[in-house]
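Next come the chains, spelled out residue by residue.
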Amino acid sequence: MKRSTKLSQLCLLASLTLLMAACSGVPGGSSGATSGSGSGSGSGSGSGSGSGSGGGSTTFSIGGSVIGLNSGGSMVLEDNGAGDLTVSANGTFTFKALATGYAVTVKTQPTGQTCSVSNATGTATAAVTNVQVVCGNVFDIGGSVTGLIGSGLVLEDNGGDDFKVSGTGNVSFTFATPLVTGATYTVTVKTQPTIPTQTCSVVGGTGTVAGNVTNIGVVCSQPQFTIGGSVVGLVPTAGDTLELQNNAGDDLFVTGDVPFTFSHTVTNQGIYLVSIFLPPTSQPQPCNEFFYTGIATTNVSNVLVDCQHNDWNWVSWYLTQSNAAGNYSAVTTPLFPPHQIAPTNFGIPGGRDFSAAWTDKVGRKWLFGGQGYPYAAPTGKQVTGLLNDLWVFDESEGGWVPANLPTFVNLAGFWQDDYTPLEFENLSGAYGTLHSAGGAPGSRWGSSTWTDAAGNLWMFGGQGYDASNLDFTLLNDIWEWIPAGPDPNGAGTFTGQWVWQGGASTGNQPGVYGTKGVGSTTNLPGGRWAAATFTDNAGNVWLFGGQGVDSAGTTGILADLWKYNIASGQWTWVSGSNLASPNGVYGTQGTAAAANVPGGRQAAVIWVDTTGTVWLFGGFGFDSVGTGPAPGVGAVLNDLWKFSGGQWTWVSGSDLADQNGVYGTQTQAAATNVPGCRWGAVGWTDISNNLWFYGGWGLGSVTTHPNGFLDDVWEYQASSQQWIWWKGSSDVNQNGQYLTNGIPFVKNVAGARRGAAIWQPDANDYVWIFGGEGYDATNGVAPGYLDDLWTYLPFP
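In this report, we go over the structure that sits alongside the text.

Here is what the cut-offs are and how they apply
Residues numbered from 1 in each chain as written. Predicted model: local features only at pLDDT ≥ 70, side-chain atom pairs only at ≥ 80, totals over all residues. Heavy atoms only, no water. Helix = DSSP H or I, 4+ residues; strand = E, 2+ residues; numbered from the N terminus. Buried < 20%, exposed > 50% of the residue type's maximum accessible area, 1.4 Å probe, protein only. Contact = heavy atoms within 4.5 Å. Pairing = 2+ DSSP bridges. Axes fitted to C-alpha atoms, helices over the stretch in contact; angles between N-to-C directions. Disulfide = S-S within 2.5 Å. Phe/Tyr/Trp six-rings, centres within 6.5 Å; stacked < 30°, edge-to-face > 60°. Lys NZ or Arg CZ within 6 Å of the ring centre and 35° of its normal.

As for the overall build of the chain
A tally of regular secondary structure across the chain gives 1 helix and 68 strands. Of all 796 residues assigned to the chain, the portion counted as buried reaches 49%. Put simply, 58% of the contacts in the chain that link residues at least 6 apart link residues at least 24 apart.

Here you go:
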């Protein structure tokens, strides 16, 4: 009996515990609709939340709303066939019974009405509140949205029942909750669309329900987009203004290199067309528009007005080619890849470096020799060599013309060689008689050049072939090329001709220095390669160093400064040692001294400004301590020197070799800026006596990267006496970007190279360069000999 009584007590305790747990799971008590089979009335507003029940299961309250029930009417709902709930008014209801799976039905219909249930079944994972019981006639509320572009538009009816509109253009909508006959509706915009931002307005959004409402309109305004961009490359003259227009109106005045935005916007899907109405007055060169037209679907900020300064322009690409029928037609395949052998009949020089270059008195660009590929490639001739072909870039003729090869113009108007003889590499010189026409220089590279007042082209030395066919000798011969023109003897016209004007017909000749500072017709620099050369405004040729032969017949890297007077034909040994491979004597930076002298070097850059000051930068040679892998070998330099008043001054850079560059901020001068060490760069001066150079082989700014080919443009600014990094990369071995042809563009890139041919600024201030050894546009391809022709317009 005691055991049985104890078990009965435990069972009673468990039953009470379960009952308490069940009751505690229904917040709100009996407020709201009544449950069970009783006849209690009231719609109730209580909503139950889920709670745990005995045995570890989870249940949730089930409820929703009633609409359309006639006044005084009553009906009975049930969930899962039980838990009867009597409802006698419109509003919300909640079953007291708790469940996870639910199925709400109408057990007893109200008198005179039929009610139906939507969202009636499901499995609860939270309190259910969306079961809807509709009695009698109810109708949908909806319409359409027009002009929608953005996202996030939300509509609401009677302050609720949100409808999130998806899609764009014309979109229909219907609210989830229908309304009974006689009910009122008010549709409004709860949230306006964004991305882009729009303002949407409701048309016909209020009324009384008498049937399905489908004519509510939501009209979204079309967004307005701004049109703008930036000006680059405009000469920074105070107050200079460029007038722009959009769609032939909406005038905008822009001053300087700045971003701009037109004051009037363009409606979505509207066209924009930006043009230059009045060009700037600060420069003679025109400005070009890029990305200047389109259809506006967002704010436009990429219109580019490019006024050319600090731009590269890839020039040469119209070539000629023979087809199978033997006819000739223009093609547009550029020969910019490295290792490209110029095929027969292509009107362009083959890829090469350290060519000789001149500009004649009518502005034509001349090119001779170099190390690379010939004009015509004989069968099986797949290796480089030293060249002695002469070319002229004549814009009036449409491009490159071979000047010392047998040629004719075919019926299509293109230049063609007649293959007799083929242009071979590594040819010896044909000297003939001194000062008489009829000869021709041998193949060579690394010569020095100048142009006389008559427009004749002069060339000194280099490494190549002498009269005895001795190859790779260091030459000190002087040649003059007289372009075709009127015969000076009055016998009509004559073709261009070479004249041997001085120096030896055999290579490796020592220098004849004479007395320092005294010119003489017997003085003559020894044979040499890659001397730095520049012609000043007075018609004097300045030459420094190179790999050559000194006064004692020793071959090494030279440090002698020479001046050649074109009119008198005399050389003057001006400064430096007459013996090869001396170290530099730097003294104190910024202070001139008689003992100061740059060390020997080859492939440096030399300039002479309008004051007659000689400037010298970098090259491969000897610093203050003779840095190099072995004695007498040398290393790469970045020292800047000037020679004035008979004395040298170490101006900038390091007195030690193999230094990385400090680039600073592009286009900004700074006292700490300095180019990295390099050789084989090419330089020019501008009208303000600023010193410029491009490229070379050496070191960028990244100390962990190897040395290599460079594509950076630097200026030593006369006014601030500081360096400015203008263009190109601060790293080595960068590929070119050939984006536009014949139009300067700020994003064009002349790839990294050294040994390019250069022509000094022309009448319109454009600098011209050709070829060199370096990188083309193909990423991952090894460097090679280039044959691309570029112009660059520096800031004055």
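Back to the text.
A closer look at unusual backbone geometry
With omega at 0 degrees, the peptide bond leading from Ile195 into Pro196 counts as cis. Secondary-structure assignment places Pro196 in the loop between β18 (184-191) and β19 (200-203). A positive phi angle, close to 70 degrees, is found at Gln269, a residue other than glycine. Phi at Thr667 takes a positive value of approximately 75 degrees, unusual for a residue other than glycine. Following the sequence through the fold, Thr667 ends up in the loop between β59 (647-652) and β60 (678-679).

Some remarks on the sheet that holds strand β9 (residues 115-118)
The 4 strands lie next to each other as β7-β4-β11-β9, forming an open sheet whose pairing is mixed. Where the open sheet ends on each side, the last strands, each with one partner, are β7 (91-94) and β9. The average angle at which neighbouring strand axes cross in this sheet is 30 degrees, direction not considered. Direction of pairing for strand β4 (residues 62-67) relative to strand β11 (residues 128-135): parallel, over a ladder of 5 bridges. Its bridge partner being in β11, Ile62 is matched across the sheet by Val128.

Looking at the state of the cysteines
If you walk through the whole model with that rule in mind, you get 3 disulfides. At a sulfur-sulfur separation of 1.9 Å, the disulfide partner of Cys115 is Cys135. Handedness of the Cys115-Cys135 disulfide follows from its S-S torsion of about 110 degrees: it is right-handed. Highlighted residues: Cys115 in strand β9 and Cys135 in strand β11, separated in sequence by 20 residues. Disulfide pairing is shown between Cys287 and Cys307; the S-S distance is 2.1 Å. Given an S-S torsion of about 105 degrees, the disulfide between Cys287 and Cys307 has right-handed geometry. Highlighted residues: Cys287 in the loop between β28 (270-278) and β29 (288-290) and Cys307 in the loop between β31 (300-306) and β32 (311-314), separated in sequence by 20 residues. In terms of burial, Cys287 and Cys307 fall into one category: buried. Along the chain, the cysteines engaged in disulfide bonds are linked according to the scheme 1-2, 3-4, 5-6 when indexed in sequence order.

Some points on the packing of aromatic side chains
Using the criterion set out here, one finds 58 aromatic pairs in the structure. Relative to Trp790, the ring of Trp312 lies with its centre 6.1 Å away and its plane at 75 degrees, an arrangement referred to as edge-to-face. Placement of the pair is Trp312 in strand β32 and Trp790 in strand β68 (residues 784-793), with a sequence separation of 478 residues. Classification of Trp312 as buried rests on a relative accessible area of 3%. Connected via pairs of aromatic rings, a cluster forms that spans Trp312, Trp314, Trp684, Trp692, Tyr694, Trp726, Tyr738, Trp790, Tyr792 and Phe795. Against the face of Trp768 rests Lys365, its NZ or CZ located 4.5 Å from the ring centre.

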